Amino acid sequence: MSDMMKVSSNPHVRSGVTTSNIMMWVVIALLPAAGFGIYNFGIDALIILVLSVASTVLTEFIYEILMQKKVTIGDFSAVVTGLLLGMNLPCTAPWWLPIIGGVFAILVVKMLFGGLGQNFMNPALGARCFLLISFPALMTNFTTDTYTSPTPLAALKAGEEVSVINMIIGKIPGTIGETSMIAIVIGACILIMLGIIDLKIPGTYIASFVIFVVLFGGHGLNGTYISAQLAGGGLMLGAFFMATDYVTSPITTKGKYIYGVFLGVLTGIFRVFGSSAEGVSYAIIIGNLIVPLIEKYTIPRAFGIRPVEKKEEKKA
Amino acid sequence: MSEGKKGALGFTQDTPIERFLNGLVVENPTLVLMIGMCPTLAVTTSAINGVTMGLATTFVLALSNAVISLLRKVIPDTVRIPAFIVVIASFVTLVQLVMQAYVPVMYDALGVYIPLIVVNCIIFGRAEAYASKHNVVPSFFDGIGMGLGFTCAITVIGLFRELIGGGTMFDVQIFGEGSVVPGAVGYFFSQYQPIRIFIQQAGAFIVLAVLIAIMNQVKFNMEKKGKDTSKFGVGGCCNDIEIKDPKKVKEELLAKEKAAALETKAETIKPSDIKVPEKEPVLAEQASKAPIKEVIVPGEEDKK
């Protein structure tokens with residue numbers, strides 16, 4: 001009876017979905033790709049992943065303790081950031097690289113702008129680009145004991161032959177998490193089935209990228225070239241796990257399509273016309289920056305409200 | 001300006017020392033007023049660049065302030081900007097030629113940013129806000145203070161960018177390979193990998209942001225201790241600006257709001273006003289057209 005008499009403000013019906021829930025599923029979905037990276041590159045990859053996750057979580061914890069704020073490491077978003085950052089580093093990276101990256105990602109990109117939900121760009125990608133600009137040689141050193149060849153994209157750019165099967169399985173050099181297309185797609189399927197991400201952004205991203213490459217790549221409808229572009233670099237990881245980041249992608253449906261096309265075209269421009277073989281991370285970061293603009297112009301009209309200004313213009 | 005009025009840091013206003021400290025600390029052009037950002041971000045890739053740029057600017061600033069102050073009664077108000085430019089540009093040309101002759105290395109390093117001192121907004125700002133209204137001596141010291149404040153700020157920015165981004169300090173290798181520091185510490189330092197982003201443009205923004213944050217924290221701490229910081233960062237030459245009566249400001253705001261409200265009202269009425277005559281017979285429409293048109297016109301003008 002006393003429960004019935006309780007007066008509270010809405011919402012009265014709540015779903016069990018919470019931030020930490022979603023982030024936990026993202027971590028689980030990332031595990032196949034991360035696991036394959038460890039299998040592919042050995043213990044070095046594991047160390048880098050652990051260091052990077054530890055540094056992001058610790059940075060967030062220490063910052064919030066020092067600033068006397070609520071400790072939010074329980075929402076797992078720092079773990080996701082750390083895991084994504086680690087998966088974006090080559091396994092040859094020295095031990096301090098993931099630590100610097102993790103601190104930068106959380107401290108500068110996320111916490112200084114107000115924490116989760118306020119970050120203006122994807123923290124993991126922000127840190128990756130920071131490291132890429134600061135230590136270009138270390139960040140693109142993919143030569144290990146098993147792999148002495150350049151990455152498929154670099155080989156493609158130099159006009160060499162590449163094996164599509166190896167790329168789809170993931171037996172290729174590259175950053176820790178990006179090599180295996182199968183593992184990434186398995187993770188993405190988990191997220192899509194749970195409804196955590198939808199195909200709007202990744203779908204339009206990949207489709208527009210393929211169209212761009214067919215039109216401007218210089219190889220026309222060459223199957224090997226296109227599949228190598230799709231599976232040989234960070235496109236899959238970027239499209240499914242980083243472009244779909246809730247905070248830094250548009251929330252309107254129309255905006256999502258625009259955002260996806262924008263990313264696809266930018267990635268195409270960077271890969272086809274740019275000097276480096278890879279361009280996904282810069283494309284997504286630039287995309288992140290124009291998200292507020294996209295959202296501003298794609299706000300759906302509220303039900304029952306006429307677009308007053310347009311009618312006036314017609315009358316006049 | 002009344003005699004004995006307190007200026008920056010408790011010194012009498014418009015005395016040389018007060019002007020000097022005002023420019024150096026209280027109204028530091030880079031960190032408090034945030035003007036002159038172009039050279040601040042562009043040339044601070046090394047500490048020596050900062051020093052040279054700062055001193056060149058100080059020279060131009062002090063002398064142009066003095067000359068503009070001397071000419072302030074001769075220059076007509078309507079053409080003051082061209083007149084200021086002529087004065088400033090002559091000093092910049094002087095600096096440029098001297099640097100080209102005696103420090104060609106720095107001249108090459110700073111490149112186009114030396115002639116661009118002409119349009120540096122610190123110099124213009126001080127000419128407009130201070131020198132054109134005050135005597136020669138305080139104007140001169142205002143220029144020196146502002147110039148040295150600028151020099152200090154960009155030297156510190158350059159120092160940090162050079163140290164983090166290249167491991168050097170005034171071109172002496174401190175961190176990274178080939179460190180001049182001997183012994184075990186030197187070995188430790190030589191392991192440092194320069195973070196190249198700090199030499200690039202993005203690094204300038206990061207270092208500048210950190211310095212401004214520190215400056216604001218200092219100000220905040222002073223406020224906590226109950227010191228008067230109202231003179232900090234008001235912008236321009238704050239002491240000369242008449243402070244408006246709050247009541248008047250409120251009245252003005254209210255009037256503006258009323259006008260805005262009227263406008264929006266007129267806009268919301270429009271569609272219904274237009275619709276009604278459409279359904280009615282032609283005569284009535286013609287009759288009602290004239291007054292409505294007047295309502296519509298201002299809205300249309302706004303759009304165009």
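Everything numeric here is computed off the predicted structure, so don't read it as measured data.

## Thoughts on helix α4 (residues 80-102) of chain B
Right, so step 1: For α4 of chain B, which comprises 23 residues, the first-to-last C-alpha distance of 33 Å matches the rise-based estimate of 33 Å (1.5 Å per residue) to within 8%.
Right, so step 2: Here the buried face of α4 of chain B lies against α3 (47-70) and α6 (121-129) of chain B.

## Topic: unusual backbone geometry
All names here are of chain A.
Right, so step 1: With phi around 55°, Gln68 is a residue other than glycine that occupies positive phi space.
Right, so step 2: Unlike most non-glycine residues, Phe76 shows phi in positive territory, near 65°.
Right, so step 3: Mapped onto the elements, Phe76 comes out in the loop between α2 (43-66) and α3 (77-87).

## Details of the environment of Leu253 of chain B
Right, so step 1: Within the secondary structure layout, Leu253 of chain B lies in helix α10 (residues 246-279).
Right, so step 2: Residues Leu253 of chain B and Gly54 of chain B, 199 residues apart in the sequence, show an inter-C-alpha distance of 42 Å.

## Thoughts on the confidence of the model for chain B
All names here are of chain B.
Right, so step 1: Here chain B averages 78 in pLDDT, while 74% of its residues score no lower than 70.
Right, so step 2: By mean pLDDT, the top-scoring element of chain B is α4 (93), and the lowest-scoring one is helix α11 (residues 282-303) (47).
Right, so step 3: Counting interchain partners and residues more than four positions distant, the pLDDT-below-50 stretch residues 287-304 has 12 contacts.
Right, so step 4: As a predicted assembly, this complex carries a pTM of 0.77 together with an ipTM value of 0.78.

## Brief notes about the environment of Thr59 of chain A
Residue and element names in this part refer to chain A.
Right, so step 1: The topology assignment puts Thr59 in helix α2.
Right, so step 2: We classify Thr59 as buried; it has 24 C-beta atoms within 10 Å.
Right, so step 3: Residues Thr59 and Ile99, spaced 40 residues apart in sequence, show a C-alpha to C-alpha distance of 9.6 Å.
Right, so step 4: Setting aside residues no more than four positions away along its own chain, Thr59 makes contact with Gly102, Val103, Ile106 and Leu107.

About the thresholds
Along each chain, residues carry numbers from 1 onward, in the same order as the chain's sequence is written. As a convention, the first chain written is A and the first ligand written is 1, with the rest following in written order. Under the rules for a predicted model, residues below a pLDDT of 70 receive no local features and side-chain atom pairs below 80 are neither given nor counted, while totals for whole chains, interfaces and linings still include all residues. The secondary structure listing takes helices from DSSP runs of H or I that are at least 4 residues long and strands from runs of E that are at least 2 residues long, numbered from the N terminus. One less than the number of residues in a helix, times 1.5 Å, gives the span that helix is expected to have. Each residue gets a C-beta atom placed from its backbone, and two residues are in contact if those atoms lie within 7 Å. A score from 0 to 100, pLDDT tells how confident the predictor is in each residue. Exposed residues have 12 or fewer other C-beta atoms within 10 Å of their own C-beta, buried residues have 20 or more, and partly exposed residues fall in between, where C-beta atoms are placed from the backbone.

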